[in-house]
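# Residue-level structure breakdown
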Amino acid sequence: MHRTGELYGHFQTLEQQKDSATLGMWIFLATEILFFGGLFLTYSINRQTYPGVFADASKTLDLTLGTLNTAVLIASSLTMAMAVWSAEAGKKKLIPVYLILTLILGTVFLGVKAVEYHAKYVEHHIPGLPFQFEPGSTAATNAHAELFFSLYFGMTGLHALHMVVGVGLLLWLLRQSLKGRFTAEYNTPIENVGLYWHFVDIVWIYLYPLLYLIDRHK
Amino acid sequence: MATTTTAPVHTMPRDHYLNSTYGIRSWLLTTDHKRIAWLYLAGVTFFFTLGGIFAAMIRVHLLTPSGLLVSPETYNKLFTMHGVAMIFFFLIPSIPAVLGNFLIPLMIGAKDVAFPKLNLLSWYVYIIGGCFVLYSFATGGLDTGWTFYTPLSSVYSNSAVAPAVIGIFINGFSSILTGMNFAVTIHTMRAPGMTWFRLPLFVWAHYATSIIFILGTPVIAITLLLVALERTLHLGFFNPALGGDPILFQHLFWFYSHPAVYIMILPAMGVISEIIPTFARKPIFGYTFIAASSISIAVIGFFVWAHHMFLTGESTYAALAFSLLSFLVAIPSAVKVFNWTATLYKGSISYDTPMLYALGFIGLFLIGGLTGLFLACLGLDIDIHDTYFVIAHFHYIMVGGAIMGYLGGLHFWWPKITGKLYPEFLARIAAVTLFVGFNLTFGPQFLLGLMGMPRRYHNYPPEFQVLNVLSTAGASILALGYLLPMVYFTWSVRYGKAAGPNPWPATGLEWTTASPPPTENFDVTPVVDWEPYDYKNRPDLGLTAPAAPLAPAHGDD
């Protein structure tokens, strides 16, 4: 049974193993960019077609919670980077501290999202369930607002799914770090999960203005 | 071809990857890339057979102008399921997942791919995706066309669209994992001395294919996910009645599906680049250009997708750009055809079965590729779009090209994979049968298209019947051409003669190890200090140059 940090049989050196893992993670992130990209394209086309309704629908999102979540996620990227630094600096006792902080922040993010989703449920803004925008909207406005919310739930939902996976990865890292597996010489898993976590953060950094800030200045 | 010495008698090695462990668990839980190749071989052969049965039913139905076999609704399901099974579950995985998986580590001197467990996972993901699609086929079928145009697929179709698109979505991750694995393997796991420009062109072809796997597949994934959501939750992304845009679907769909056709042909071109030098006993002409052309096709191929949409009302300027780019993407393909031909020139050619497939490939791919240029012509496309001309064009490339490349590769590397020789005489007959049957099936379809017969129609005007009957007759011969290898390959595993390490002989690292190889591929990590395709400079293989050795194909990179 393979233990974290050991050389896999098909690799010649630990350096080759590390290079492979890191390149693999970068390539995976490239696929994720294209994956989210389809949704971003759909969003762009639809926003350009229905600018007024998209602005109105965006204003029904809770700006405070959205901004809070953005701050939480950026802070979690900081704590994740600190976890990677701790590993590289050989400060083994600090690694679980920063991982737990990242976990807490990530969980806060998901909790806030749950609160927001619930608010949307109460306002009948979830597509698929009986959807009703403002009472008295025309059928067209209703349909176009439903498009906005389909994209809102699709994009933030897909993002949240990636956060859940990230939380799972962090829990695995926490377990390994408590066993003392990560050293200054070997810390590839933390580095690669860090890459993944930062990517998920960057996706949110695009989602936040595109979904929450449409025409807010007006 | 005749030799004065008696042929050496080989025996199978005592221990190799096929007998190193026994039992179903050792196969279903293997991480050995060679065994995973066999798992994929079983999967793709199954879907090929299924797709072939649908094709047979289509051809039988089209024997008469009013349709012989099925109702119009069922006919729609036949061509849809034929396309889905063949494209997503046979053509896209075939060469990469079977031959690529088996050969890439051997060709670069590695023990396995970079991520062996992800390799096994990719097969399970393929199977699970396949099960969803089979469930769709069994519970109402699919009648939207393999292109799933909305809003027919997302709203109005009464067939089992949701499980099918979910199945193809899942299968996409198999492609992504394979692409990731190959790209990382080729970057990080080459043996000492195996520089980029000493790599076999088969590896270059798969590297280019991996770029497309990685960048293209996620887009079809998200697109089909949106179709599934639209269909089940009645959302409106692609439904005009709800403010959505069906053309957006087409852009998203074709952004992957055009590069997908390069996924299907680039590996086959890699196979041809291995076979031609071997059976012309000559180094390949223009190694660097062939390698660069593979990458060019992968890159330019991402910029031509809307040539599938010339008749959707796209602007003249957009159409112009896509038409021009489509002409441009033909250039690297032409470079390859020229270089293969130049390799043959003054070569010492023998007509073993792999060479028959490779020569057939060059001719048929040429026809398929040139007719693609006809379709890229804006004015001409107005008349031949959505006719049998298109069908003939892509079948010349996908069957006359990709499948012949696959079969040629299977024959070429069968001795390495199984340690056994297939029966050469029967194999040559099968290759010729396939070639004749193929041309009789799809040649008439060019004429039908030019005469105006639309595609995806269950009936046709009576004046088209003769050509349709010819096409169906050809299909029966083509089917025989496919059945024969299935039979004699199976026979050869048990009864074939032992092949020895290098029966052809060919250069390339995979031929330096035993047939079949040991589980760890090489007994000692190879150190590479020779140039690829050095057919004039290998006295150990009986290939010597009378004069000075040839200059290396590329400089000392």
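These numbers come from a predicted model, not from an experiment.

### Here's the deal with the overall build of chain A
Within chain A, the regular secondary structure consists of six helices and zero strands. Reading chain A from its N terminus to its C terminus gives the helix and strand order α-α-α-α-α-α. Projected onto its principal axes, the C-alpha positions of chain A cover 65 × 30 × 30 Å. With 218 residues in all, chain A has 37% of them scored as buried. A sequence separation of at least 24 residues applies to 77% of the contacts in chain A between residues at least 6 apart.

### Quick notes on the overall build of chain B
Across its full length, chain B carries 15 helices and two strands. Rg of the C-alpha trace for chain B: 23 Å, near the compact-globule value of 24 Å for 557 residues, within the 12% margin. If one aligns the C-alpha atoms of chain B with their principal axes, the spans along those axes are about 70 × 45 × 45 Å. Taken across its 557 residues, chain B has 57% of its residues classed as buried.

### Focus: helix H11 (residues 353-376) of chain B
Between its terminal C-alpha atoms H11(B) stretches 34 Å, which fits the 34 Å expected from 24 residues at 1.5 Å a residue. Of all 24 residues in H11(B), 17 are buried; the element is thus mostly enclosed.

### A word on the confidence of the model for chain B
All names here are of chain B. Taken over all residues, the pLDDT of chain B has a mean of 94, while the share at 70 or more is 96%. With pLDDT under 50 throughout, residues 546-550 is counted as low confidence; its partners more than four residues away or in other chains account for six contacts. The complex prediction reports pTM at 0.95, with the ipTM value standing at 0.94.

### Considering the interface of chain A and chain B
Listed per partner, the contact involves 27 residues of chain A and 30 residues of chain B. At the level of secondary structure, the elements contributing two or more residues to the side of chain A that touches chain B comprise helix H1 (14-49) and helix H5 (139-178) of chain A. Sorting elements by how many residues they give to the side of chain A that touches chain B places H1(A) first, with 17 residues.

### Focus on the packing of helix H8 (residues 246-280) of chain B against helix H10 (residues 316-344) of chain B
When two helices pack together, their arrangement is given by the angle between the helix axes and the distance between those axes. Residues and elements named next belong to chain B. One can describe the packing of H8 onto H10 by two numbers: an axis separation of 9 Å at closest approach and a directional angle of 15°. By the angle class used here, H8 and H10 are roughly parallel. Viewed along their axes, H8 and H10 form a crossing whose handedness is left-handed. Of H10, the residues touching H8 (which contributes Met269, Ile272, Ile276, Pro277 and Ala280) are Lys336, Trp340, Thr343 and Leu344. Of the residues in the contact of H8 with H10, the class split is seven nonpolar, one polar and one charged.

### Topic: helix H4 (residues 94-122) of chain A
Residue and element names in this part refer to chain A. Across its 29 residues, H4 extends 43 Å between first and last C-alpha, which sits within 8% of the 42 Å expected from 1.5 Å per residue. Along H4, the residues classified as buried are Ile95, Pro96, Tyr98, Leu99, Thr102, Leu103, Gly106 and Phe109. Contact partners of the buried residues in H4: helix H3 (63-88) and H5.

### Notes on the environment of B:Ala298
Residues and elements named next belong to chain B. Tracing the backbone through its elements, the reader meets Ala298 in helix H9 (residues 287-300). Sequence separation between Ala298 and Ile211 is 87 residues; the distance between their C-alpha atoms is 7.0 Å. If we skip the residues at most four places from it in the chain, Ala298 touches Ala208, Ile211, Ile212, Tyr262 and Leu266.

### Side note on the packing of H1(A) against helix H6 (residues 161-188) of chain B
Where H1(A) contacts H6(B), the two axes come as close as 9 Å, and the packing angle between them is 140°. One finds that H1(A) runs oblique with respect to H6(B). Classified by chirality, the crossing of H6(B) by H1(A) is right-handed. Residues A:Gln16, A:Asp19, A:Ser20, A:Leu23, A:Gly24, A:Ile27, A:Phe28 and A:Thr31 of H1(A) pack against B:Ile176, B:Met180, B:Ala183, B:Val184, B:His187 and B:Thr188 of H6(B).

### Comments concerning the environment of A:Ser150
Here A:Ser150 shows up in helix H5. Spatially, the C-alpha atoms of A:Ser150 and A:Ile126 are 7.6 Å apart, while their sequence positions differ by 24 residues.

### Describing unusual backbone geometry
The omega torsion across B:Thr150 and B:Pro151 is -5°, close enough to zero to call that bond cis. Structurally, B:Pro151 can be placed in the loop between helix H4 (116-138) and helix H5 (152-156). Cis geometry marks the peptide bond from B:Trp504 to B:Pro505, where omega comes out at -10°. Here B:Pro505 is to be found in the loop between helix H15 (465-495) and strand E1 (537-538). Unlike most non-glycine residues, A:Asp215 shows phi in positive territory, near 55°. By secondary structure assignment, the location of A:Asp215 is in the segment after helix H6 (188-212). Overall, A:Asp215 belongs to the exposed group, with 12 C-beta atoms counted inside 10 Å. Although it is not a glycine, B:Arg456 adopts a positive phi angle of roughly 60°. Note on placement: B:Arg456 falls in the loop between helix H14 (424-451) and H15.

Criteria and cut-off values
Residues numbered from 1 in each chain as written. Chains lettered and ligands numbered in written order. Predicted model: local features only at pLDDT ≥ 70, side-chain atom pairs only at ≥ 80, totals over all residues. Helix = DSSP H or I, 4+ residues; strand = E, 2+ residues; numbered from the N terminus. Buried ≥ 20, exposed ≤ 12 C-beta atoms within 10 Å, placed from the backbone. Contact = placed C-beta atoms within 7 Å. Rg over C-alpha atoms; globule rule 2.2 N^0.38 Å. Expected span 1.5 Å × (residues − 1). pLDDT = per-residue confidence, 0-100. Axes fitted to C-alpha atoms, helices over the stretch in contact; angles between N-to-C directions. Parallel < 35°, antiparallel > 145°, perpendicular 65-115°, else oblique. Left-handed = near helix turned anticlockwise from the far one by under 90°. Nonpolar A, V, L, I, M, F, W, Y, C, P; charged D, E, K, R; others polar.

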